[in-house]
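Listed below, chain by chain, are the residues.
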2 protein chains.
Amino acid sequence: MTEQILYLSQKDVADAGLTMDRIIDTVEKGFVEMGNGRVEMPPKPGVHPGEGDNFIHAMPAYIPAMKSCGVKWVSGYPGNPEKGLPYINGLLIYNDPDTGMPLSVMDCTWITAMRTAAASAVSAKYLARPESATIGILACGVQGHTNLEAMNVLFPLKKVLAFDTKKDQADALAEYGQKTLGLDVEIVSDPRSAVTGCDIVVTSGPILKVPHATIKKDWVDEGSFVSCVDFDSFFSRNALAQADKWTTDNLAQYNHYKDHVGFFIDCPDIYAELGELVTGRKKGRETQTERTFAANLGLAMEDMAVCPLIFDLAKDKHLGTWLAL
Amino acid sequence: MTEQILYLSQKDVADAGLTMDRIIDTVEKGFVEMGNGRVEMPPKPGVHPGEGDNFIHAMPAYIPAMKSCGVKWVSGYPGNPEKGLPYINGLLIYNDPDTGMPLSVMDCTWITAMRTAAASAVSAKYLARPESATIGILACGVQGHTNLEAMNVLFPLKKVLAFDTKKDQADALAEYGQKTLGLDVEIVSDPRSAVTGCDIVVTSGPILKVPHATIKKDWVDEGSFVSCVDFDSFFSRNALAQADKWTTDNLAQYNHYKDHVGFFIDCPDIYAELGELVTGRKKGRETQTERTFAANLGLAMEDMAVCPLIFDLAKDKHLGTWLAL
């Protein structure tokens, strides 16, 4: 069996049925390992074919405690949707750390969508008020859906305020929130209505180097938590200045983005890495009135924390295609 | 078809039947692209599970002229042979540069073995005497075989002097050289006999940070070319000092190995990168008496130059397994 690998298509990965609560749990455990300095995760290099913002990144990581290592090779091509192709594509190779042999090749689209939202939820666990019941979602695409799903696992959500410039996206999120999650979803027509009055806000639009800066000073209520899935794209300088705690998942990568790529220019200093929050090295929320923020970047560690669980479930369910090496 | 990928096992890759002459040709074309600054090849990061020298490296590259991009994810586990597993294992993902979509996943063991030898041959084309007829092979494993095959494509080889501390390895090379390539192979019992008197020498033993330094001053004849597939492991300081031209395939990676990993400590300064030789920016061999050396490291560019040819042949021959993304 050591010379056989299991290929899992995007459908196989989804059909494995790994639930969001388990994804949040394993991602949090991964952050404990990171916070304790027990994850090997080198910088992610890549290639940039064509003009514009196309990229394909290699994201390697090794988590000894989970006996997981491998690489995610993920592309982002902004022009793909016009061609009827997904923006994000890629494969993940999962290896046996004891021998280096590949165990599985799997589509990484589903994993990327889910683990990104799970990291938001882990941040929220330490930074949002536990009784958070009202959530605002600005931009209702894939990450709008999965972030809502993830926050609903950890918080007693009741009300969703959904904003999107595209009506069909907002409608889709409303249907998902109402029918699948049983929440009260209101589609709002101005972005401020999806921010003010919310306990948790998720901004999940396109990632831009020059923020559109829609959200202004005083829109975010005191005591709110914001997960900036799209980095600082949604925030004006004055709104950012109101952050009491501005956090990220990985400081080295954050500083690289800030110093060399051009994101986060107007953002406050980093208060803590998520690994410091989950290991108690830094305190999460300390008062009812703090405005707390997570600007998580997405880490190879998260992918490697999730893929063994999918591999095991898929094997149990006889999903996928076994291939000779 | 854009959402389908072709999986090629090690056997499928070999059965595609890509010949060494075509591999040398495409690798040389890749070096022309590199020499002209038209290849994107970031540093190769990796993870290092377990104790000792285990590694798994991500090797991404993009060659616009060949419409090829992708990543090789390759492991080296020195303890694997004791477990009955190969030292080197890995997979290569080949992407469409126009969309970022994966086209193929293929075993990279065969490609690694062949393209490494092809790079030796490209170096030899510019650094060895064209009439080279006698070749010494020190360490007769996989790279001993493929380097002999590659040199035999470009040079009028007649005589092979084979040295290995393991008799079965030397016997295997002798059989391959005689039966498959039609050469006169002599197994020699001391390493000097596989160096002195040779036009071309290939050292292809294990790569060591502390060289065993078997080869001494004056063993390498004037006018010889040496391909140091195992870096400087075979060479004493005084023998290295006799090099008239010491070259590599990639200066940045060479300097990283020298300054941060601990290889090449006693080696001469680099005279040229292979890309400079193939584009004529630096002269190759200039006299009949120069001692010339190549210490090539193995580049992701080489893998990405080879994989499209295998992909096309495999499709034509209906090899491999088509999978849904």
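Parameters and conventions
Within each chain, residue numbers correspond to sequence positions counted from 1 in written order. In the order they appear in the text, chains get letters beginning with A and ligands get numbers beginning with 1. Where totals are concerned, whole chains, interfaces and linings use all residues; where local detail is concerned, this predicted model gives features only for residues with pLDDT of at least 70, and gives and counts side-chain atom pairs only at 80 or more. With hydrogens and water set aside, each side-chain value is computed from the structure's full complement of heavy atoms. Secondary structure is summarised from DSSP: a helix means a run of H or I of at least four residues, a strand means a run of E of at least two, and numbering begins at the N terminus for each. Buried, partly exposed and exposed residues are distinguished by accessible area as a fraction of the type maximum, computed with a 1.4 Å probe on protein chains only: under 20%, between the cut-offs, and over 50%, respectively. Throughout, a residue-residue contact means that at least one pair of heavy atoms, one from each residue, lies within 4.5 Å. Here a strand pair is declared whenever DSSP counts at least two bridges between the two strands. Fitting a line to C-alpha atoms yields each axis, with helices limited to the stretch in contact; the angle taken between N-to-C directions then spans 0 to 180 degrees. In this description, buried area is defined as the sum, over both parts, of the accessible area (probe of 1.4 Å) that is lost when the two are combined. Salt bridge, as used here, is a side-chain nitrogen of Lys or Arg placed within 4 Å of a carboxyl oxygen of Asp or Glu. For the purposes of these results, a polar contact is taken to be a pair of N or O atoms within 3.5 Å, where, inside protein, one atom must be able to donate a hydrogen and its partner to accept one; residues adjacent in sequence count only when each atom of the pair is a side-chain atom. To superpose the copies, least squares is applied to the C-alpha atoms of every residue with a pLDDT of at least 70 in both. The scheme is simple: roughly parallel for angles under 35 degrees, roughly antiparallel for over 145, roughly perpendicular for 65 to 115, oblique for anything else. When the near helix sits turned anticlockwise from the far one by under a right angle, the crossing is termed left-handed; a clockwise turn instead gives a right-handed crossing. Amino acids outside the nonpolar list (Ala, Val, Leu, Ile, Met, Phe, Trp, Tyr, Cys, Pro) and the charged list (Asp, Glu, Lys, Arg) are all regarded as polar, and Gly is one of them.

**Q** Got a minute to help me understand the environment of Val71 of chain A in this structure?
**A** Inspection of the secondary structure assignment puts Val71 of chain A in strand β4 (residues 68-76). Overall, Val71 of chain A belongs to the buried group, its relative accessible area being 1%. Residue contacts for Val71 of chain A: discarding those within four places in its chain leaves Ala58, Met59, Pro60, Leu91, Leu92, Ile93 and Met304 of chain A together with Ala58 and Trp73 of chain B.

**Q** What exactly am I supposed to notice about the sheet that holds strand β3 (residues 55-63) of chain B here?
**A** Where strands meet in a sheet, backbone hydrogen bonds hold them as pairs that are either parallel or antiparallel. All names here are of chain B. Spatial ordering of the open sheet is given by β2-β3-β4-β5-β6-β1-β15, a layout of seven strands whose pairing is mixed. Looking at the sheet topology across the chains shown, the edges are occupied by β2 (46-47) and β15 (321-324). Pairing of strand β5 (residues 88-95) with strand β6 (residues 102-107), which is carried by five bridges, proceeds in the antiparallel orientation. Directly across from Leu91, in β6, lies its bridge partner Asp107. Running at roughly 75 degrees to β3, helix α9 (residues 300-316) makes contact with β1 (4-8), β3, β4 (68-76), β5, β6 and β15 of the sheet.

**Q** Is there a simple way to think about the interface of chain A and chain B in this case?
**A** A common way to express how large an interface is: the accessible area buried when the components associate. Counting residues at the interface gives 47 residues for chain A and 47 residues for chain B. Summed over both partners, the interface of chain A with chain B comes to about 3,600 Å²; 70% of that surface belongs to carbon and sulfur atoms. When the area that chain A buries against chain B is broken down by residue, the three leading residues are Trp73, Leu91 and Leu325 of chain A, summing to 15%. There are zero salt bridges connecting chain A and chain B. Counting the contacts that link chain A with chain B gives 14 residue pairs in polar contact (both at pLDDT 80 or more). Counting residues per element, the ones that place at least two in the side of chain A that touches chain B are β1 (4-8), β2 (46-47), β3 (55-63), β4, β5 (88-95), β6 (102-107) and β15 (321-324) of chain A.

**Q** What exactly am I supposed to notice about the side chain of Thr248 of chain B here?
**A** Residues and elements named next belong to chain B. Following the sequence through the fold, Thr248 ends up in strand β12 (residues 245-248). Among the polar contacts listed, one links the side chain of Thr248 to the side chain of Asp249, at a separation of 3.4 Å. The residues contacting Thr248, other than those within four sequence positions of it, are Tyr254, Ile270, Ala272, Glu273, Leu274, Ala295, Asn296 and Leu297.

**Q** Whenever I open this one, the relation of the copies chain A and chain B confuses me. Can you help?
**A** Here the second copy of the chain follows from the first by a rotation about an axis and a shift along it. Rotating chain A by 180 degrees and translating it 0.0 Å along the rotation axis places it on chain B, where the RMSD comes to 0.0 Å. Overall, the copies show the geometry of a two-fold rotation axis. Nearest to the rotation axis, the C-alpha of Ala58 of chain A is located 3.4 Å from it, this being the minimum over chain A. Of the interface residues in chain A, 100% have counterparts in chain B that sit at the interface too, so the contact is made through matching surfaces.

**Q** So what exactly am I meant to see when it comes to the packing of helix α3 (residues 109-127) of chain A against helix α9 (residues 300-316) of chain A here?
**A** Residues and elements named next belong to chain A. Running from N to C, α3 and α9 cross one another at 120 degrees; their axes reach a closest spacing of 10 Å. Relative to α9, the element α3 lies oblique. Classified by chirality, the crossing of α9 by α3 is right-handed. Each of Trp110, Ile111, Thr112, Arg115 and Ala119 in α3 lies in contact with α9, whose residues at this interface are Glu302, Asp303, Val306 and Ile310. Looking at side-chain class alone, the contact of α3 with α9 contains five nonpolar, one polar and three charged residues.

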